[in-house]
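Chains, contacts and geometry: an overview
What follows is the residue order along each chain.
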Amino acid sequence: MEERPDLISTLPDDILKNIMSMISFKEAIQTTTLSTSWRGLMSPYCVSVDALESKRELKPIIESFMGSGESFRSFKLYLDLCDRDFAVCTRGAHGELHLDFSGQKEFVPRKFGMVLEHSTCLGPRFSSVRTLHLRSVSHFAGDMVGDFFSGCRILETLKVEKCRGLENLEIKSSSCLKSLEIADCPNIATIMISAENLKSFSYKGALPIIQLMNIPHLVDVALNLEDGLGNKGFDCEDVLSLVSSVKDVEILTISGWLIEALCSAGVIFSMLDFKFSKLKELRFVCSKISRKTHDSVSCFLNITPSLEELLVKVDEKSRPVECAFTNQYWHEPHLWKDYATVKSNARWLKDLKTATIVGFTGESDQLLLVDLLLHTGINLKEMAVFPSAESDDCASWRVGRVPFRHDSIANATSIEAENKA
């Protein structure tokens, strides 16, 4: 088969840079894998930094780099005393800045804390930085990153990831910060966030202590606790404090094991002094659907009166989490009741319009969850069920209309099989 000529890569660099300036920063990074021509647009140049003076030198170096005319460019910072990579800085066309410290290889990362706070004092400004991505920050770079962050006064998006030694993170922003993502920091134990304009918060990793303060405009929260408890025990009071702090969001993604753990510790959601009154979209992510799962989901749904969309995703690759309760809630732990009792005590979800289950295998507990949703969703317009990738004998199906009166799956109408063979 005759290969087609690569006409794009033969264009002049100025045109290629103009193309890159019109796409997202993530897409622009991905284009560097296309050919050597694309990689050359972002090839780094090197700047040496004395380890003893690096904190003082970092800000003016990056400030000069951000003010240069080229849209996409990288540079490497080297430590003269260590003769190794210190950081790679990459700039995008729309105020994106990546600071990657992964060149500092440590077999045993030293634990450290990091405070990111916007300064009200005059000083070096980074007026063009709207998106900041911090990767693999170490104990050596923590203070410098905090000093640099203080000058990013119009920062809208912040991502912190793969900081192995990071143990405590505190973020204080009274300015423009709207989106915050923290991911894959395995040693993190506490996160404190105060950001009055924050709208979106996403966390991925093991459960830490998370304190959200002065965040009145928070709309979208994702708590992907796929790594379970880490090296910590389960403290019901800390978890309830976190759940309470996000009660006014409209979109919530949460690991199912956390809700199961709260129920197992004795929490009765309907007896709490708060509800998720504004919640429109709810996404549960769990390793399997068991009796505990559909019972705890039913309990949690009792405090989501305005829910419109529900997604339950079964990820069989994720590890199940078992909790040893060191600090239980003030209620006596309630026993898991028979399904008929759970179903009769479930509250109707009058606003629920769509329900989706992904990873369906047809097991009895999964069928009970489907039945429960059909029972409580009295105005449900559609339910979609998609099989697990490992399941060969399950078909996707949808419920097109659900009558007002129904007691079981058999009473649903317009069930259409959609085989994915």
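- Within an unreviewed UniProt entry, the label attached to the chain reads F-box domain-containing protein, and the organism entered is Sesamum alatum.

1. Let's talk about the overall build of the chain
- Within the chain one finds 10 helices and 22 strands.
- Per-residue burial for the chain yields a buried fraction of 45% across its 421 residues.
- Total accessible area on the chain is roughly 20800 Å²; 50% of this is exposed by carbon and sulfur atoms.

2. Topic: the sheet that holds strand 8 (residues 166-173)
- Strand order in the open sheet made by the 4 strands is 5-8-10-12, with parallel pairing throughout. Edge strands, defined here as strands with exactly one partner in the open sheet, are strand 5 (112-117) and strand 12 (209-213). Direction aside, the axes of adjacent strands within the sheet are offset by 10° on average.
- Sheet topology note: the strand 5/strand 8 ladder contains 6 bridges and is parallel. Across the sheet, residue Leu116 finds its bridge partner in strand 8, namely Ile171.

3. Section: helix 8 (residues 291-301)
- Counting buried residues along helix 8, 8 of its 11 residues qualify, which places the element largely inside the surrounding structure.
- Taken as a whole, helix 8 has its buried residues at Thr293, His294, Asp295, Ser296, Val297, Ser298, Phe300 and Leu301.
- On its buried face, helix 8 sits against strand 15 (251-255), helix 7 (256-264), strand 16 (281-286), strand 17 (309-314), helix 9 (339-345) and helix 10 (364-376).

4. Describing the environment of Ser245
- Structurally, Ser245 is set in helix 6 (residues 236-245).
- Overall, Ser245 belongs to the partly exposed group, its relative accessible area being 30%.
- Counting along the chain gives 33 residues from Ser245 to Leu212, while the straight-line C-alpha distance between them is 6.4 Å.
- A polar contact of 2.6 Å, which involves the side chain of Ser245, links it to the backbone oxygen of Leu242.

5. Let's talk about unusual backbone geometry
- Within the chain, Ser136 stands out as a residue other than glycine whose phi angle is a positive 60°.
- Tracing the chain through its elements places Ser136 in the loop between strand 6 (131-135) and helix 5 (139-149).
- One non-glycine residue, Asn214, lies in the positive phi region at around 55°.
- Within the secondary structure, Asn214 sits in the loop between strand 12 and strand 13 (220-224).

6. Re the packing of helix 8 against helix 10
- Relative orientation of the contacting elements helix 8 and helix 10 amounts to 20°, with a least axis distance of 8 Å. As summarised for this structure, helix 8 and helix 10 are arranged roughly parallel, according to the angle between their axes. Between helix 8 and helix 10 the crossing geometry is right-handed. Together, Arg291, His294, Val297, Ser298 and Leu301 of helix 8 and Asp365, Leu368, Leu369, Leu372 and Leu373 of helix 10 make up the contact between the two elements.
- Counted by class, the contact of helix 8 with helix 10 contains 6 nonpolar, 2 polar and 2 charged residues.

7. Side note on the nonpolar core
- Within the largest apolar cluster, 93 residues are counted, with the highest numbers of intra-cluster contacts made by Leu132, Leu158, Phe201, Phe234 and Leu282.
- It is helix 7 that provides the largest number of residues to this core, a total of 6 residues.

8. Thoughts on the side chain of Asn302
- In this structure, Asn302 sits in the loop between helix 8 and strand 17.
- If we ignore the near neighbours within four places in the chain, the residues touching Asn302 are Asn345, Ala346 and Arg347.

9. Considerations on the pattern of salt bridges
- One pass over the full model with this rule turns up 11 salt bridges.
- In this structure, Glu281 and Arg283 form a salt bridge, with 2.9 Å as the shortest nitrogen-oxygen distance.
- A residue is classified by how much of its surface remains accessible, and Glu281, at 22% relative accessible area, is partly exposed.
- Residues Lys343 and Asp371 are paired through a salt bridge, measuring 3.1 Å at the closest nitrogen-oxygen approach.

10. With respect to the environment of Lys288
- Its place among the elements puts Lys288 in the loop between strand 16 and helix 8.
- Taking the C-alpha atoms as reference points, Lys288 and Ser318, separated by 30 residues in sequence, lie 8.9 Å from one another.
- When near neighbours in sequence (up to four residues on either side) are disregarded, Lys288 contacts Thr293 and Val314.

11. Re the side chain of Glu161
- Structurally, Glu161 is set in strand 7 (residues 157-161).
- Within polar-contact distance, the side chain of Glu161 engages the side chain of His133 at 2.8 Å.
- Residues in contact with Glu161, not counting those within four places in the same chain, are His133, Leu134, Arg135, Ser136, Ala183, Asp184 and Cys185.

12. Quick notes on the packing of helix 7 against helix 8
- Across the interface, helix 7 lies against helix 8 with an axial gap of 9 Å and an inter-helix angle of 85°. If you check the angle between helix 7 and helix 8, you find them roughly perpendicular. Each of Ile259, Glu260, Cys263 and Ser264 in helix 7 lies in contact with helix 8, whose residues at this interface are Lys292, Thr293, Ser296, Cys299 and Phe300.
- Class assignment for the residues of the contact of helix 7 with helix 8 results in 4 nonpolar, 3 polar and 2 charged.

13. Structural notes on the pairing of strand 13
- Where strand 11 (residues 200-204) meets strand 13, 5 bridges bridge the pair, whose relative direction is parallel. Opposite Lys204, over in strand 13, you have Asn224 as the bridge partner.

14. Comments concerning the packing of aromatic side chains
- If you walk through the whole model with that rule in mind, you get 4 aromatic pairs.
- Aromatic side chains Phe269 and Phe300 sit 5.3 Å apart centroid to centroid with 90° between the ring planes, which places their arrangement in the edge-to-face category. Taken together, the residues Phe269 in the loop between helix 7 and strand 16 and Phe300 in helix 8 connect sequence positions 31 residues apart. Summarising the burial analysis for this pair, Phe269 and Phe300 share the class buried.
- With a centroid separation of 5.9 Å and 80° between ring planes, the pair formed by Phe284 and Phe300 is classed as edge-to-face.

Rules behind the numbers
- Residues numbered from 1 in each chain as written.
- Predicted model: local features only at pLDDT ≥ 70, side-chain atom pairs only at ≥ 80, totals over all residues.
- Heavy atoms only, no water.
- Helix = DSSP H or I, 4+ residues; strand = E, 2+ residues; numbered from the N terminus.
- Buried < 20%, exposed > 50% of the residue type's maximum accessible area, 1.4 Å probe, protein only.
- Areas by Shrake-Rupley, 256 points an atom, 1.4 Å probe, with all protein chains shown as cover.
- Pairing = 2+ DSSP bridges.
- Axes fitted to C-alpha atoms, helices over the stretch in contact; angles between N-to-C directions.
- Contact = heavy atoms within 4.5 Å.
- Polar contact = N/O pair within 3.5 Å; in protein donor to acceptor, adjacent residues only side chain to side chain.
- Parallel < 35°, antiparallel > 145°, perpendicular 65-115°, else oblique.
- Left-handed = near helix turned anticlockwise from the far one by under 90°.
- Nonpolar A, V, L, I, M, F, W, Y, C, P; charged D, E, K, R; others polar.
- Core = buried A, V, L, I, M, F, W, Y, C linked by side-chain atoms within 4.5 Å.
- Salt bridge = Lys/Arg side-chain N within 4 Å of Asp/Glu carboxyl O.
- Phe/Tyr/Trp six-rings, centres within 6.5 Å; stacked < 30°, edge-to-face > 60°.

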